[in-house]
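The chain contents come next:
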Amino acid sequence: MAELNELSEKIAKIKQEVQNELEKLENSKSVYEYKKVILDGKTGKIGSLMKEMGKIPNEQKADYGKKVNELKTWAQSYFEELDAKFKQEEMRRRYESEKIDVTMPAKKHEHGNLHPVTQVRNQLTDIFASMGFEIYEGTEIETDYYNFTALNTPQDHPARDMQDTFYLSPEYLLRTQTSAGQIHVMEAKKPPIKVVSPGKVFRSDDDATHSPMFTQMEGLVVDKGITLCDLKGMLDEFVKKIFGKETKTRLRPSYFPFTEPSVEVDVSCFQCGGCGCKLCKGTGWIEVLGAGVVNNKVLEGCGVDTNEYSGFAFGIGLERIAMLKYGINNIKLLFESDLRVLKQIDD
């Protein structure tokens, strides 16, 4: 009998403990965790009471078992009631926090736009495509042959120096110009050829108007009877479409190993109309690209009969066009992705 009384007191003590602890709980998670402490079949406090059954005389086991089951039923009901109460309150708080006021103004979503260089590239691609040019994209890693030798660049030319060119090995380098693309095209295709080749190029150069990596677009036309006049006519049409209908071109003698004659191409200042301003440094003209008639040595090296065919080529720096077109005074602004700059430019 003493054992039964002692265990009965233990049952009452657990019941009181559960009541006291449940009053301290604050959410459904804590109810769940404490429920395991009390009701778990193996480690729970009520579950452990059944292990005491062996100490009870046989004639008292039924009475003891009944008391344990009543405690278990009571605790189960108590936990469920408290858990439902907490979950209801938690749901109310969640609904309150997720409530949407449909009368409030909508959040403003920022609209992105293409990078200035990408915009210029797309514009130039559309312009030249409308003139019948095809698009060729070469590789950024080139051999010395395609980047220099095939373009009639002498072995002692300064452009080959290590301080100007990023060499990967004695044979391979990061292309310094998209002009290498014209060699690949002429080797793979017979005239007539009309192609532009846009892409990244790399040179060891870095200041306000130059970058070690920039974007260039090379143009090449090879056909019967091509002259410098054809180049001038094509450039006149190009600058009008990119800078405005009133823009004019001017050719100045220059030198490139792969063209002869070679020219620097200026456009009349589209800001002051040629009167002279800060943009054109008071001259009324702005240099935009280099061009010329393809050197016969370059054509012959690609198997083109120079008695029948001739051609012209030109190279455009897209960052320079973007800087002029959008009034950007430092090339580094094109690589910093400053939203204050990019938001102002959207063609």
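Refer to the structure printed above.
Nothing here was measured: the structure is a model prediction, and the numbers come from that model.

(A) Spotlight on the pattern of salt bridges. Considering all chains together, one arrives at twelve salt bridges under this definition. Between Arg94 and Glu98 there is a salt bridge, and its shortest N-O distance comes to 3.2 Å. We classify Arg94 as partly exposed; its relative accessible area is 47%. Its relative accessible area of 46% is what places Glu98 among the partly exposed residues. Residue Glu134 is joined to Lys189 by a salt bridge in which the shortest nitrogen-to-oxygen separation is 3.3 Å. With Glu134 in strand β1 (residues 134–135) and Lys189 in the loop between α7 (180–188) and β4 (193–202), this residue pair connects regions lying 55 residues apart in the sequence. What makes Glu134 partly exposed here is its relative accessible area of 46%. Judged by its relative accessible area of 31%, Lys189 falls in the partly exposed class.

(B) Seen up close, unusual backbone geometry. A cis amide bond, omega 5 degrees, links Pro191 with the succeeding residue Pro192. Among the secondary structure elements, Pro192 is positioned in the loop between α7 and β4. For Lys281, which is not glycine, the phi dihedral falls at a positive 55 degrees. Mapping Lys281 onto the fold places it in the loop between β7 (259–268) and β8 (285–294).

(C) Structural view of the sheet that holds β7. The strand order across the open sheet built from seven strands is β1-β4-β5-β9-β8-β7-β6, with neighbouring strands paired in mixed fashion. Where the open sheet ends on each side, the last strands, each with one partner, are β1 and β6 (249–256). Sheet topology places β1 next to β4; two bridges connect them, and they run parallel. In the sheet register, Glu134 faces β4, and the bridge partner there is Val195. Set on the sheet, helix α10 (residues 318–326) makes contact with β4, β5 (213–223), β8 and β9 (310–317); between it and β8 the angle comes to about 150 degrees.

(D) Highlighting a nonpolar patch on the surface. Together, Ile141, Leu168 and Tyr172 line one region of the surface with nonpolar side chains, adding up to about 290 Å² of accessible area. By the secondary structure assignment, Leu168 is in the loop between α6 (144–147) and β3 (172–174).

(E) View of the nonpolar core. Formed by 43 residues in total, the largest nonpolar core has its most connected members in Phe128, Met234, Phe238 and Phe314. Those elements giving two or more residues to this core turn out to be α5 (116–130), β5, α8 (228–243), β7, β8, β9 and α10. It is α8 that contributes the most residues to this core, seven residues altogether. Ignoring sequence-local partners within four residues, the contact set of Phe238 consists of Leu124, Ile127, Phe128, Met131, Leu289 and Ile316.

(F) Layout of the packing of aromatic side chains. Here the structure, examined in full by the defined rule, presents eight aromatic pairs. Centre to centre, the rings of Phe128 and Phe238 are 5.3 Å apart; their planes meet at 15 degrees, and the pair counts as stacked. Highlighted residues: Phe128 in helix α5 and Phe238 in helix α8, separated in sequence by 110 residues. In this structure, Phe128 and Phe238 share a single accessibility class: buried. Through a chain of ring-to-ring contacts, the aromatic side chains of Phe128, Phe133, Phe238, Phe312 and Phe314 assemble into a single cluster.

(G) Broad picture of a negative patch on the surface. A cluster of acidic residues, Asp161, Asp164, Asp205 and Asp207, forms a negative patch at the surface. Within the element layout of this structure, Asp164 appears in the loop between α6 and β3. Its relative accessible area of 30% is what places Asp164 among the partly exposed residues.

About the cut-offs
Residues numbered from 1 in each chain as written. Predicted model: local features only at pLDDT ≥ 70, side-chain atom pairs only at ≥ 80, totals over all residues. Heavy atoms only, no water. Salt bridge = Lys/Arg side-chain N within 4 Å of Asp/Glu carboxyl O. Buried < 20%, exposed > 50% of the residue type's maximum accessible area, 1.4 Å probe, protein only. Helix = DSSP H or I, 4+ residues; strand = E, 2+ residues; numbered from the N terminus. Pairing = 2+ DSSP bridges. Contact = heavy atoms within 4.5 Å. Axes fitted to C-alpha atoms, helices over the stretch in contact; angles between N-to-C directions. Patch = residues over 30% accessible without salt bridge, like charges linked within 9 Å, V, L, I, M, F, W, Y side chains within 5 Å. Areas by Shrake-Rupley, 256 points an atom, 1.4 Å probe, with all protein chains shown as cover. Core = buried A, V, L, I, M, F, W, Y, C linked by side-chain atoms within 4.5 Å. Phe/Tyr/Trp six-rings, centres within 6.5 Å; stacked < 30°, edge-to-face > 60°. Lys, Arg positive; Asp, Glu negative; His and termini not counted. Charge placed at Lys NZ, Arg CZ, Asp CG, Glu CD.

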